[in-house]
Amino acid sequence: MDYHRILTDIQADVLPLINKGKVADYIPQLAKVDPSRFGIHLHMLDGQSFAVGHSEEQFSIQSISKVLMLCMAVGKLGQKVYRRVDVEPSGDPFNSLVQLEYEQGIPRNPFINAGALVITDMLMDAFDHPKQDFLDFVRAISGHSDIQCNPEVALSEKRCGFKNAAIVNLMKSFGNIRNDVEQVLDLYYDFCSVEMSCRQLAHAFCLIANHGRGIADDRKYLTESQFKRITAIMMTCGFYDEAGEFAFRVGLPGKSGVGGGIVALLPQKFSIAVWSPGLNAKGNSLAGMKALEIFTTKTEWSVF
Ligand code: GLN
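Residues numbered from 1 in each chain as written. Predicted model: local features only at pLDDT ≥ 70, side-chain atom pairs only at ≥ 80, totals over all residues. Heavy atoms only, no water.

**Student:** Honestly, the nonpolar core in this entry has me stumped. Any pointers?
**Tutor:** In summary, soluble globular proteins display a tendency toward joint burial of nonpolar side chains. In this structure, Leu70, Ile119, Leu201, Phe205, Ile208, Leu222 and Ile230 are the most contacted members of the largest nonpolar core, which totals 76 residues. The leading source of residues in this core is helix H4 (residues 113–126), at nine residues. The contacts of Ile230, once residues within four sequence positions are left out, are Val67, Leu70, Cys71, Val74, Tyr82, Phe111, Ile208 and Leu222. Among the nonpolar cores identified, the runner-up in size contains 29 residues, and Ile18, Phe38, Phe246 and Ala264 belong to it. (Core = buried A, V, L, I, M, F, W, Y, C linked by side-chain atoms within 4.5 Å. Buried < 20%, exposed > 50% of the residue type's maximum accessible area, 1.4 Å probe, protein only. Helix = DSSP H or I, 4+ residues; strand = E, 2+ residues; numbered from the N terminus. Contact = heavy atoms within 4.5 Å.)

The following block contains the structure:
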């Protein structure tokens, strides 16, 4: 199969969608991103890789970091992580508060904001320097030492993060946050502000595609059971209230972020990252979702 040709065709096919989405502007710093950016990087576990567009340009990975945070937490703490966060799809927007009160401060899953805030709280207890340790982890699994947080994006989000503050306070009232709420929020915003390119993301997510083994250092970070469970949560919860739609149209485990990035993978075969900043109404990249739908249709690669 001519993968480069497939990616080039996809880029042409989604062109009409690229300016139709809406760049996330609730974080003012993200509103400055050029909506016409578009990139794809496909990394196959046999070593081949293919790319089109702005695949080398770093962007704000936002909620994609939630998967990497979970990998780090599970790798260190094991399955007890799931005592404080559930693994059910929420069917609600990523920053929703409604289920939290009914469910006594236990978030539906680690890939909505509430769940990632609880994971942040766990990482604060489990690591001496969680921000630096997170960056070291992401650099080690991807093999890219130039991955950084963007302090301007983190500060911009902190200044208007009223919903996240409400979520973390509500969970604190139920006893599911142990640390100071301001410190949990600050660290969560640092994690969300990490910047990576499609190429770097595709390399990092080989960790999942490769059953828990990093591509850069060949180290086994996750056991088979840990890998299987994280992949299952990506499949069922990676796209908030559009997780069913992504499974239906694309058929791969994946994760999106409001920076317009999406990563998806087929275990033992490949990982792929797409970036297009314009979002649909559910906060997922409009052209990115379409690109992956065309990709799995043309290649006939999916978990099904
Ligand atoms: N940092 C963003 C927030 O907390 C992440 C949301 C996202 O990417 N869906 O709102």
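**Student:** What exactly am I supposed to notice about the environment of Pro267 here?
**Tutor:** Within the element layout of this structure, Pro267 appears in the loop between strand S7 (261–266) and strand S8 (270–275). Along the sequence, Pro267 and Cys206 sit 61 residues apart, while their C-alpha atoms lie 8.6 Å from each other. Leave out the neighbours within four places in its chain, and Pro267 touches Ala209, His211, Phe227, Thr231 and Val303.

**Student:** For this particular structure, what's the right way to read the sheet that holds strand S1 (residues 39–44)?
**Tutor:** Neighbouring strands of a sheet are bound in pairs by backbone hydrogen bonds; such pairs are parallel or else antiparallel. Across the sheet, five strands lie side by side as S2-S1-S8-S7-S6; this open sheet has antiparallel pairing. Strands with a single pairing partner mark the edges of an open sheet, and in this sheet they are strand S2 (49–53) and strand S6 (254–256). The average undirected angle you get between the axes of adjacent strands in this sheet is 5°. Summarising the sheet, S1 and S8 pair through six bridges and their orientation is antiparallel. When the sheet's bridge partners are listed, His43 is paired in S8 with Ser271. Helix-sheet contacts for helix H1 (residues 3–14) involve S1 and S2, and the interaxial angle to S2 is about 25°. (Pairing = 2+ DSSP bridges. Axes fitted to C-alpha atoms, helices over the stretch in contact; angles between N-to-C directions.)

**Student:** Looking at this structure, how should I read the site of the ligand?
**Tutor:** The environment of the ligand is formed by 13 residues, the closest being Tyr26, Gln62, Ser63, Glu157 and Tyr188. In the environment of the ligand, an oxygen atom lies 2.7 Å from a nitrogen or oxygen atom belonging to the side chain of Ser63. If the ligand stood free it would expose 300 Å²; the protein chains cover 99% of that surface. The cavity that encloses the ligand is the second largest cavity. For the shell around the ligand, a count of residues per class yields six nonpolar, five polar and two charged. (Near = heavy atom within 4 Å. Polar contact = N/O pair within 3.5 Å; in protein donor to acceptor, adjacent residues only side chain to side chain. Areas by Shrake-Rupley, 256 points an atom, 1.4 Å probe, with all protein chains shown as cover. 1 Å grid on protein atoms, 1.4 Å probe; cavity = no way out; pocket = protein on both sides within 12 Å on 5 of 7 lines; lining within 4 Å. Sits in = over half its atoms within 2 Å of the grid points. Nonpolar A, V, L, I, M, F, W, Y, C, P; charged D, E, K, R; others polar.)

**Student:** What is the right way to look at the sheet that holds strand S3 (residues 59–60) in this model?
**Tutor:** Across the sheet, which stays open at both edges, the three strands sit in the order S3-S5-S4 with antiparallel pairing between neighbours. Every interior strand has two partners, whereas the edge strands, S3 and strand S4 (148–149), have only one. Bridging between S4 and strand S5 (residues 194–196) involves two bridges; their strand directions are antiparallel. Opposite Gln148, over in S5, you have Glu195 as the bridge partner.

**Student:** Would you mind going over helix H11 (residues 224–237) with me for this structure?
**Tutor:** For the α-helix, the turn length of 3.6 residues means that residues three or four positions removed from each other point alike. The end-to-end C-alpha distance of H11, which contains 14 residues, comes to 20 Å, matching closely the 20 Å that a straight helix rising 1.5 Å per residue would cover. By the burial criterion, the buried members of H11 are Gln226, Phe227, Ile230, Thr231, Ile233, Met234, Met235 and Cys237. Here the buried face of H11 lies against helix H2 (65–77), helix H10 (206–209), helix H12 (243–249), S6 and S7. (Expected span 1.5 Å × (residues − 1).)

**Student:** Help me out: how do you make sense of the pairing of S7 in this one?
**Tutor:** Side-chain positions along a regular strand alternate between the two faces of the sheet. With six of six residues buried, S7 is to be regarded as a mostly interior element. Summarising the sheet, S6 and S7 pair through three bridges and their orientation is antiparallel. Its bridge partner lying in S7, Lys255 is registered against Val263. Between S6 and S7, which pair antiparallel one after the other, the connecting turn spans four residues, and Gly260 there sits at a positive phi close to 95°. In this sheet, S8 lies alongside S7 in antiparallel orientation, the contact comprising six bridges. Within S8, the residue paired with Ala264 across the bridge is Ile272. Hairpin connection of S7 to S8: three residues between the antiparallel strands, including Gln268 at a positive phi of 70°.

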